[in-house]
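# Topology and contacts: notes
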Amino acid sequence: MPFVSMASTKNKVDGSIKKRIYDFLQKLQVDDTAPGLHIEPMKEPQDRRVRTGRVTQEWRAVLYKMEVPGEDAHYVYYGTWHHDEAIRIARSTVLRLNPALGTPEFEDRGAPQTPQEDVAPQQTDLPSGPEAPPETPPEEPTSGESASMEPALEGAAAAGATTATVPWTNALSTGWTADALHEQGGINPDLAARALAATSQAELSAVIDDAPESQGLVLLGLANGETLDHVREDLHLSPVEEGAEFSTDQQVVDAIRRGSAGFAYVGDSDEELRTALESMDIDRWRVFLHPEQRVYAEKSTNGAYRLSGGAGTGKTVVLLHRARHLHRKNPQARILLTTFTKTLTASLAENLRRLDPEISLVGLGEPGVATLGMDQVSAQIVRHASPEEVDAAVERVLGAGRNRLSRRVGKTAELFDAAVERVRPDLPEELTAPAFLDQEYTTVVLAHRITSERDYVRVSRAGRGTALNRAARQQVWKVFAQFRQTNQLDDAATFPELAVIAAQILRDRAERGEPLPVDHVLVDEGQDFHPGHWMLFRALAAEGPDDLFIAEDSHQRIYGQKITLSRYGIHVRGRSRRLRLNYRTTAENLAYAVSLLSGDTYVDMEEEMERSDDYRSVRSGPAPVTIAAADVGEEVAAVAARIRGWLEAGHRSSGIGILVRSEKALTDVIERFSAMELSDRQGPVRLVDARRAAQLRPEEIPAMTMHGAKGMEFECVAVMGVGEQDMPARWTLNRMPEAEHQDVLMRERSVLYVAASRARDELLVTWSGQPSSLLPEM
Ligand SMILES: Nc1ncnc2c1ncn2[C@@H]1O[C@H](COP(=O)(O)OP(=O)(O)OP(=O)(O)O)[C@@H](O)[C@H]1O
């Protein structure tokens with residue numbers, strides 16, 4: 001049976017033709033000699049391997065037939081066009097390996113010398129006369145992918161609106177010539193010249209858009225000042241030895257199978273064919289991975305692996321593909337795919353189904369992929385353990401006499417306050433702040449499974465900002481003892497306690513040589529998990545190949561404390577990589593979001609400095625807009641005006657996200673917006689709390705806190721209330737010891753970075769009064 005590969009071309013066709021293309025390719029996969037397909041060679045083409053095939057009477061597919069010794073024929077599908085256009089393209093286009101990059105690409109060499117009528121005589125079933133096929137309909141830009149360069153000020157209130165442009169320099173102009181770009185970098189001469197002349201991100205993006213995918217990615221890296229060797233390594237490119245055998249069918253097919261950018265090997269799978277065709281327009285991530293993404297999705301790792309990367313670099317996409325890869329490799333494998341919040345866990349399950357409806361989504365410990373939040377995982381392990389196992393684990397973690405756990409408590413701040421009230425420790429006020437006590441309890445007491453004052457006064461508190469002498473520790477312990485006693489009376493445990501207990505149950509089982517529930521753990525949003533979770537991750541699967549794969553971004557840590565993986569027995573030295581190409585947002589929004597991080601130094605999970613200066617994006621769009629309003633009323637009016645503009649421009653309500661810092665601000669904003677008139681062509685539109693709407697209605701615009709927006713994305717985002725009164729949020733610093741302030745401020749900065757990096761196309765940042773000190777000076 002013939003194999004098929006797909007090229008991700010910009011050739012767009014409407015839905016009804018797409019269905020016919022699918023039928024055509026499906027038949028081709030079964031038998032390329034079937035008469036209805038009309039697979040025909042061209043007369044005197046630029047590439048002898050080119051074929052056209054009959055999709056409908058008017059539409060022709062252009063394909064390249066590769067003959068690989070010992071295999072059935074292999075067709076590379078280029079695209080489908082109206083008959084005449086297809087013939088023109090087929091005659092003039094060559095599929096070849098780019099010698100400098102080793103990747104396949106299509107090259108238009110212009111019409112051959114022979115007249116056009118000389119096309120193969122079989123192409124005669126075209127209607128003639130007045131019934132001739134219509135012109136190819138102009139491509140309709142989808143609202144979400146608009147790359148308008150217009151300043152985004154239209155519709156915003158005049159008050160204090162500014163475009164927030166970050167300076168851009170074209171690093172190509174220093175050190176590269178058009179000849180060198182062509183000969184060493186594999187860039188077509190005309191593209192090389194245009195790229196060198198680019199004076200703005202938008203101009204460069206236009207060149208990249210016109211380039212074959214691998215060439216575009218090379219240009220992007222070089223324009224960001226990277227060396228060619230580095231770019232090649234990133235993209236897994238190696239030049240081809242040019243010679244007699246250059247660009248053989250075998251070489252081209254091998255390059256596609258290896259995962260060249262812009263190509264997908266479908267083989268003889270009907271399902272993959274369907275997904276690949278669907279993904280041409282939407283959800284390209286399902287098929288067309290960046291070469292690096294593919295490597296990390298399919299890599300066999302000899303132990304725990306850490307994949308970091310800025311917001312929108314496709315970490316979640318890699319995890320989804322990795323889950324599928326591991327599942328296909330061994331359908332009996334028990335895979336856990338987990339992340340920090342319930343909403344994101346649900347979205348992982350949904351996307352996994354989109355990626356591959358055949359994946360078995362199962363419960364914890366069953367063969368297949370379980371998508372569960374870690375609090376669910378802890379609860380299930382404890383619930384299904386024997387009473388003896390629970391007793392032993394609780395005693396080890398919380399101390400003797402604490403063996404019943406019938407309830408969970410979430411409001412730890414209130415419990416710490418009550419414990420302080422009760423024991424009245426002899427401590428300065430800032431050491432009794434619930435946030436400080438909570439961190440101390442989770443990162444020191446639970447992480448070391450401390451059950452007595454004696455152990456607490458001796459334990460190493462490395463990494464904690466605030467020093468505590470022996471007397472202070474004794475006082476703090478009194479609070480912890482009271483906290484535990486209250487929970488004991490209620491038969492309750494907090495979620496962090498439960499995670500450590502679950503980890504202990506599994507450790508005890510491993511020591512007894514009993515099986516563990518999971519073979520492969522895949523973690524998303526790793527930066528936000530607390531020590532109890534890390535203990536549980538380590539305990540869930542036995543150490544070994546592909547045991548633990550962690551996707552994380554230290555810049556997005558908005559909960560909890562910074563952690564060092566090795567403290568929890570997770571060793572990733574030499575097995576740590578970083579993604580840098582942003583797929584979500586435009587280069588302009590990305591530059592703005594990254595500029596929010598510049599006031600701090602971030603350290604990753606291996607205690608190395610985290611970079612933020614080398615992220616890049618292929619897309620370009622309007623510069624972000626900031627609006628300084630006199631008061632909240634004016635701010636809301638300005639945002640409402642902008643929303644109207646977005647709706648008028650064709651954005652769907654659900655493609656707009658309104659983000660604020662606090663729950664209180666959320667309620668306030670929703671109430672204020674209820675008095676504003678917002679409407680699109682369909683009628684009135686209103687703001688709703690995203691959590692209350694399981695499924696957004698067409699007239700609803702989701703609003704949420706910046707924390708709630710974690711992992712999400714919208715075409716247009718308004719980040720509101722970024723004034724000095726509101727960010728950093730005062731309560732986060734309240735009563736906190738001075739030594740913790742820097743970490744608190746870093747988290748606030750990260751909250752803003754998370755918020756700003758949710759925007760795909762347009763970003764608006766607003767405040768009333770003075771701007772937050774966290775905002776960059778533009
Ligand atoms: N290879 C790809 N081709 C096209 N789009 C992609 C690709 N990889 C990722 N994307 C898209 O980029 C966006 C961001 O991807 P994803 O959510 O995986 O990034 P992330 O690194 O997990 O982001 P965050 O850290 O902000 O949660 C999504 O819309 C995703 O579909």
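Keep in mind it's a predicted model, so treat the numbers as computed, not measured.

Rules used in this analysis
- Residues numbered from 1 in each chain as written.
- Predicted model: local features only at pLDDT ≥ 70, side-chain atom pairs only at ≥ 80, totals over all residues.
- Heavy atoms only, no water.
- 1 Å grid on protein atoms, 1.4 Å probe; cavity = no way out; pocket = protein on both sides within 12 Å on 5 of 7 lines; lining within 4 Å.
- Points joined across faces, edges and corners; volume = space filled by probe spheres on them.
- Helix = DSSP H or I, 4+ residues; strand = E, 2+ residues; numbered from the N terminus.
- Nonpolar A, V, L, I, M, F, W, Y, C, P; charged D, E, K, R; others polar.
- Near = heavy atom within 4 Å.
- Polar contact = N/O pair within 3.5 Å; in protein donor to acceptor, adjacent residues only side chain to side chain.
- Areas by Shrake-Rupley, 256 points an atom, 1.4 Å probe, with all protein chains shown as cover.
- Domains from an automatic or database assignment.
- UniProt positions renumbered as here; feature names shortened; annotations may be inferred.
- Buried < 20%, exposed > 50% of the residue type's maximum accessible area, 1.4 Å probe, protein only.
- Contact = heavy atoms within 4.5 Å.
- Buried area = accessible area lost by both parts, 1.4 Å probe.
- Salt bridge = Lys/Arg side-chain N within 4 Å of Asp/Glu carboxyl O.

### Looking at empty space enclosed by the protein
All told, the structure shown has four cavities of 30 Å³ or more when counted by the stated rule. Empty space within the largest cavity amounts to approximately 90 Å³. Along the walls of the largest cavity sit Ala-7, Thr-9, Asn-11, Lys-12, Val-13, Lys-18, Ile-21, Tyr-77, Tyr-78, Leu-277, Met-280 and Asp-281, which together make up its complete lining. Mapped by element, the contributors of at least two residues to the lining of the largest cavity are helix H1 (15–30) and strand E5 (74–82). Looking at side-chain class alone, the lining of the largest cavity contains seven nonpolar, two polar and three charged residues. Every residue along the wall of the second largest cavity is listed here: Asp-234, His-290, Glu-292, Gln-293, Thr-313, Leu-579, Arg-580, Leu-581, Tyr-583 and Arg-616. Residue classes in the lining of the second largest cavity are distributed as three nonpolar, three polar and four charged.

### Thoughts on the site of the ligand
In the region of the ligand, 22 residues are neighbours, and Gln-293, Lys-315, Thr-316, Gln-556 and Glu-713 sit closest. Measuring from an oxygen atom of the ligand, one finds a side-chain N or O atom of Arg-758 at 2.9 Å. Relative to its free-state accessible area of 630 Å², the ligand is covered by the protein chains to the extent of 90%. Residue classes in the shell around the ligand are distributed as six nonpolar, nine polar and seven charged. Of the residues that make up the shell around the ligand, three or more belong to each of domain 3 (291–382 + 500–582) and domain 5 (587–768).

### A closer look at the UniProt feature "binding site: ATP" (unreviewed entry) in the protein chain
Cross-referencing UniProt, the feature "binding site: ATP" (unreviewed entry) maps to Gly-309, Gly-310, Ala-311, Gly-312, Thr-313, Gly-314, Lys-315 and Thr-316 in the present numbering. Those annotated residues that line the second largest cavity are Thr-313. The residue Ala-311 is located in the loop between strand E10 (305–309) and helix H11 (315–329) in this model. Residue Ala-311 is classed as buried on the basis of its relative accessible area of 2%. Relative to the helices and strands, Gly-312 resides in the loop between E10 and H11. Its relative accessible area of 11% is what places Gly-312 among the buried residues. Here Gly-312 is in contact with Leu-581, Asn-582, Tyr-583 and Arg-584, once residues within four sequence places are set aside.

### Some points on the domain arrangement of the protein chain
What the domain assignment reports for the protein chain is domain 1 (3–131 + 248–279), domain 2 (177–239), domain 3 (291–382 + 500–582), domain 4 (407–490) and domain 5 (587–768). Here domain 4 and domain 5 have C-alpha centroids that lie 34 Å from each other. In this assembly, 13 residues from domain 4 lie in contact with seven residues from domain 5. Taking both sides of the interface into account, the surface hidden between domain 4 and domain 5 amounts to around 750 Å²; carbon and sulfur atoms contribute 50%. Contact with domain 5 buries surface across domain 4, with Glu-430, Gln-439 and Thr-466 losing the most and accounting together for 43% of the total. Summed over the shared surface of domain 4 and domain 5, the result is one salt bridge. Across the pair Arg-464 and Glu-740 runs a salt bridge whose closest N-O atoms are separated by 3.9 Å.

### Things to note about the pattern of salt bridges
Per the stated rule, a full pass over the model turns up 53 salt bridges. Among the salt bridges present, the one from Arg-354 reaches Asp-283, with a minimum N-O distance of 2.4 Å. Placement of Arg-354 in helix H12 (residues 342–355) and of Asp-283 in the loop between helix H9 (270–279) and helix H10 (291–298) is noted, with a sequence separation of 71 residues between them. For Arg-354, a relative accessible area of 33% gives the class partly exposed. Across the pair Glu-421 and Arg-424 runs a salt bridge whose closest N-O atoms are separated by 3.3 Å. Residue Arg-424 is classed as exposed on the basis of its relative accessible area of 61%. What emerges from the salt-bridge pattern is a single network uniting Glu-226, Asp-234, Arg-578, Arg-580, Asp-614 and Arg-616.

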